[in-house]
Amino acid sequence: MDIIGIIILCLVVILVVINIVLLIKLKSPKDNTMDFLERLSRFEININKEINDFKDNLNKDMTLNFDKVNDKLENKLNEINNKVNTRIDENFDKTNKTFINVLERLSKIDEAQKKIDTLSLDIISLENILTDKKTRGIFGEVNLYNILKNVFGERNDSIYKTQFTLSNGYIADSVVFAPKPLGMIAIDSKFPLENYRIMVDKKKSDDARTMAFKQFKIDVKKHIDAIHDKYIIEGETSNQAMMFIPAEAIFAEINAYHSDLVEYAYRKRVWLTSPTTLISTLTMIMIIIQNIERDKYTSIIHEELNRLGIEFSRFKDRFDKLSKSVVTVNKDIEAFSVTTEKIKKKFDSISNVEIKEKEIKEDYKN
């Protein structure tokens, strides 16, 4: 309403100025005063009316503009509210999906944790098993048998056998009947673990680890010598044998830091193998055996094809003879057909003559 007050004040000032001007111009002061007052009264009435009309119009305009602004604000607020609700719903869906994924991941982590706990118990039990030499030997033999079964198949006695007794009375964990010139290869499982554990345990003293290092070499050499002496028999087995080490870590230790042991095994004609390298070696032997068997069948197929070729040449000769005979018979049949046609024509001509004679006799009688 400050604007309205300013407008009214301006109008009053204008009115006063107009009246002063009129007063100055009038000739009779008395008449002029009366006339002036009268005019001033009417002017004041008109001004008040105009002011009231102006106020009413201004209030109407302000009310109308306020309603329009209010409507626009309300529409904008509704639009913003709708967008906010949409965004909230979208974010809620995303959050819900994320929460579900988190729950699934947590459940998987929980399952993995349970498996880890179970594995920890298994490792502890495995540690207990591996502390005993006898159970450790059984563990190595079981791993060896599983590898043989996976490569060659279960109970494939034509390719391998387990607990095989040699002529010298020693029993190999297994033997593989490889093709010549290899022949029968003996495989024995060895697991030098005690000194290896001390050797790699950093909690142990340097003297204990050095002593275990030396003793580890002695243990491995003893195993190599035993395999060479027991399982390599001239004229019966191959001139080489395999030492299966069930632990990849021990095999890697020997190859990485004990090259003298590798050379010693090579001189003794003993192959050092781990689960991975043994699988590769046996797979190569299996491929060689399959190729030899395939070559055998190839030679048999070649012989049968040669025999089939001979029989086919005989068939061709006989077919050619039969074809010639068929041609001759065909010519005779054609000649016979010509003769038959001639005889038929003779019969037809004779038959026609008899009919003509009968017709002549009947005409004569008539």
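Every residue gets a number counted from 1 within its own chain, in the order that chain's sequence is written. In keeping with the model being predicted, local features are shown solely for residues with a pLDDT of at least 70 and side-chain atom pairs are shown and tallied solely at 80 or more, while totals for entire chains, interfaces and linings include all residues. To obtain the side-chain values, all non-hydrogen atoms of the structure were used and water was disregarded.

Caption draft 1: Broad picture of the nonpolar core. We call a set of buried Ala, Val, Leu, Ile, Met, Phe, Trp, Tyr and Cys residues a nonpolar core when their side-chain atoms join them within 4.5 Å. Burial here depends on accessible area, computed with a 1.4 Å probe over protein chains only, as a share of the maximum for the residue type. Under 20% is buried, over 50% is exposed, and the range in between is partly exposed. Core analysis: the largest hydrophobic core is formed by 29 residues, its most contacted members being Phe216, Ile224, Met243, Ile250, Ile254 and Leu272. Helix and strand assignments follow DSSP, with helices taken as H or I runs no shorter than four residues and strands as E runs no shorter than two, numbered in order from the N terminus. Of all the secondary structure elements, the ones that give two or more residues to this core are β2 (171-177), β3 (184-189), α4 (194-200), α5 (206-231), β4 (241-244), α6 (248-257), α7 (259-267) and β5 (270-273). Among the elements that make up this core, the one with the highest residue count is α5 (6 residues). Those residues in contact with Met243 that sit more than four places away from it in its chain are Asp188, Lys190, His223, Ile224, Ile227, Val270, Trp271, Leu272 and Thr273. Judged by nonpolar contacts, the second largest core, of 18 residues, contains Ala178, Phe244, Leu278 and Leu282. In what follows, a contact means two residues having at least one pair of non-hydrogen atoms within 4.5 Å.

Caption draft 2: Examining the packing of α5 against α7 more closely. Axis definition: a line fitted to C-alpha atoms, limited for helices to the stretch in contact. Angles are taken between N-to-C directions and run from 0 to 180 degrees. Closest axis-to-axis distance for the α5/α7 pair is 10 Å, and the angle between their directions is 15°. The angle between α5 and α7 places the two elements in the roughly parallel class. Pair α5 / α7 crosses with right-handed handedness. Contacts from Phe216, Lys217, Val220, Lys221, Ile224 and Asp225 in α5 reach Asp260, Leu261, Tyr264 and Ala265 in α7. Asp, Glu, Lys and Arg are counted as charged, while Ala, Val, Leu, Ile, Met, Phe, Trp, Tyr, Cys and Pro are counted as nonpolar; the rest, among them Gly, fall into the polar class. Among the residues forming the contact of α5 with α7, the class breakdown is 6 nonpolar, no polar and 4 charged. Our angle categories are set so that under 35 degrees counts as roughly parallel, over 145 as roughly antiparallel, 65 to 115 as roughly perpendicular, and the remainder as oblique. Helix crossings get a hand from a simple test, with the near helix turned counterclockwise from the far one by less than a right angle marking a left-handed crossing and a clockwise turn marking a right-handed one.

Caption draft 3: Focus on the side chain of Asp188. On the secondary structure map, Asp188 appears in strand β3. When its relative accessible area of 4% is taken as the criterion, Asp188 is described as buried. In protein, a polar contact means a hydrogen-donor-capable atom and an acceptor-capable atom, both N or O and within 3.5 Å, with residues adjacent in sequence counting only if both atoms are side-chain atoms; elsewhere, any N or O pair within 3.5 Å suffices. A polar side-chain atom of Asp188 sits 3.1 Å from a polar atom in the side chain of Lys190. Separated by 3.5 Å, the side chains of Asp188 and Tyr231 make a polar contact. Setting aside residues up to four positions removed in sequence, Asp188 forms contacts with Ala172, Asp173, Ile227, Tyr231, Met242, Met243 and Phe244.

Caption draft 4: A look at the sheet that holds β4. One bridge is not enough; two strands pair if DSSP finds at least two bridges between them. An order of β1-β2-β3-β4-β5 is seen for the 5 strands of this open sheet, with the pairing classed as mixed. Both edges of this open sheet fall to β1 (160-165) and β5, since each of them pairs with a single strand only. Each neighbouring strand pair of the sheet contributes to a mean axis angle of 30°, computed without reference to strand direction. The pairing of β1 with β2 spans 5 bridges and is classified as antiparallel. Counted as the bridge partner of Lys161 is Val175 from β2. Its contacts with the sheet place α5 against β2, β3, β4 and β5, and it is angled at close to 145° to β4.

Caption draft 5: Representation of the packing of aromatic side chains within the structure. Two rings belonging to Phe, Tyr or Trp (six-membered ring only in the last case) form a pair when the distance between their centres is within 6.5 Å. Interplanar angles under 30 degrees mark stacking, angles over 60 mark edge-to-face geometry, and anything in between is tilted. Applying the stated criterion across every chain, the model contains 4 aromatic pairs. Each ring, one from Phe164 and one from Phe177, has its centre 6.2 Å from the other, and the planes form 85°; the classification is edge-to-face. Of this pair, Phe164 sits in strand β1 while Phe177 sits in strand β2, and the two are 13 residues apart along the sequence. Given the relative accessible area of 25%, Phe177 is considered partly exposed.

Caption draft 6: Region of the structure containing the confidence of the model for the protein chain. Values of pLDDT, which run from 0 to 100, indicate the predictor's confidence residue by residue. Summing up the model confidence of the protein chain, the mean pLDDT is 75 and the portion of residues at 70 or higher is 63%. Confidence scores differ between elements of the protein chain, with helix α1 (residues 2-25) showing the lowest mean pLDDT of 59 and β4 the highest of 94. Confidence over residues 120-126 falls short of pLDDT 50; this stretch has 1 contact with residues more than four positions distant or in other chains.

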